[in-house]
Amino acid sequence: RIYAFHGQVDEEKRAHETARKQARNDVVETRKLQAYDRIKRVAPKVTDQERSYAADVRDVKQEVGRGLRVQLRSEQEELERLQASQRVEEHRTKKAEQKAAKAVLRNLASS
């Protein structure tokens with residue numbers, strides 16, 4: 001087809017795209033509704049007791065997780081403290097060795 005101007009082509013394309021998107025959205029929406037209906041049909045009825053038990057289990061798991069995280073954090077802090085003190089100790093011994101070496105060289109130079 002030959003058009004007098006591109007504006008007409010663009011309008012047709014846009015209309016086609018819009019229709020295609022709308023059809024796709026309709027299909028997706030239908031599938032969602034069907035899936036929801038299926039779930040509603042097969043889902044077992046959950047009693048309040050089961051729901052509260054599940055909530056209790058979830059709370060315990062969260063509490064345990066929190067405790068483990070706190071323990072891990074304190075162990076990491078302890079490790080960092082030990083590493084820092086080890087670095088300080090290494091630095092001190094290095095300094096002491098340097099002093100001793102200088103003293104030995106001084107003694108050799110003076111004798």
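Preceding this section is the structure that the text describes.
Everything quoted here is computed from the prediction, not taken from an experiment.

Peer 1: Give a detailed account of the overall build of the chain, specifying residues and quantitative values.
Peer 2: Secondary structure assignment for the chain yields 2 helices and 0 strands. A compact globule built from 111 residues should have a C-alpha radius of gyration of about 13 Å, whereas the chain, at 38 Å, is more than 25% larger. Seen along its three principal axes, the alpha-carbon backbone of the chain occupies a region of about 110 × 65 × 15 Å. A buried classification covers 1% of the 111 residues belonging to the chain. Surface accessibility of the chain: about 10900 Å² in total, with carbon and sulfur atoms responsible for 56%. Averaging the coordinates of the 26 positive side-chain charges in the chain and doing the same for the 19 negative ones gives two points 4 Å apart.

Peer 1: With reference to specific residues and values, describe the pattern of salt bridges.
Peer 2: Scanning all chains against the criterion turns up 4 salt bridges. For Arg51, the salt bridge is made with Asp48, and the minimal N-O distance between the two is 3.1 Å. Residue Arg51 and its partner Asp48 are located together in helix H2 (residues 48-110), separated by 3 residues, close to a single helical turn. The partly exposed category is assigned to Arg51, whose relative accessible area is 47%.

Peer 1: Account for a positive patch on the surface, naming residues and giving values.
Peer 2: Side chains of Lys94, Lys95, Lys99, Lys102 and Arg106 sit close together on the surface and give a patch of like positive charge. Here Lys99 shows up in helix H2. With relative accessibility at 65%, the residue Lys99 sits in the exposed group.

What counts, and at which threshold
- Residues numbered from 1 in each chain as written.
- Predicted model: local features only at pLDDT ≥ 70, side-chain atom pairs only at ≥ 80, totals over all residues.
- Heavy atoms only, no water.
- Helix = DSSP H or I, 4+ residues; strand = E, 2+ residues; numbered from the N terminus.
- Rg over C-alpha atoms; globule rule 2.2 N^0.38 Å.
- Buried < 20%, exposed > 50% of the residue type's maximum accessible area, 1.4 Å probe, protein only.
- Areas by Shrake-Rupley, 256 points an atom, 1.4 Å probe, with all protein chains shown as cover.
- Lys, Arg positive; Asp, Glu negative; His and termini not counted.
- Charge placed at Lys NZ, Arg CZ, Asp CG, Glu CD.
- Salt bridge = Lys/Arg side-chain N within 4 Å of Asp/Glu carboxyl O.
- Patch = residues over 30% accessible without salt bridge, like charges linked within 9 Å, V, L, I, M, F, W, Y side chains within 5 Å.

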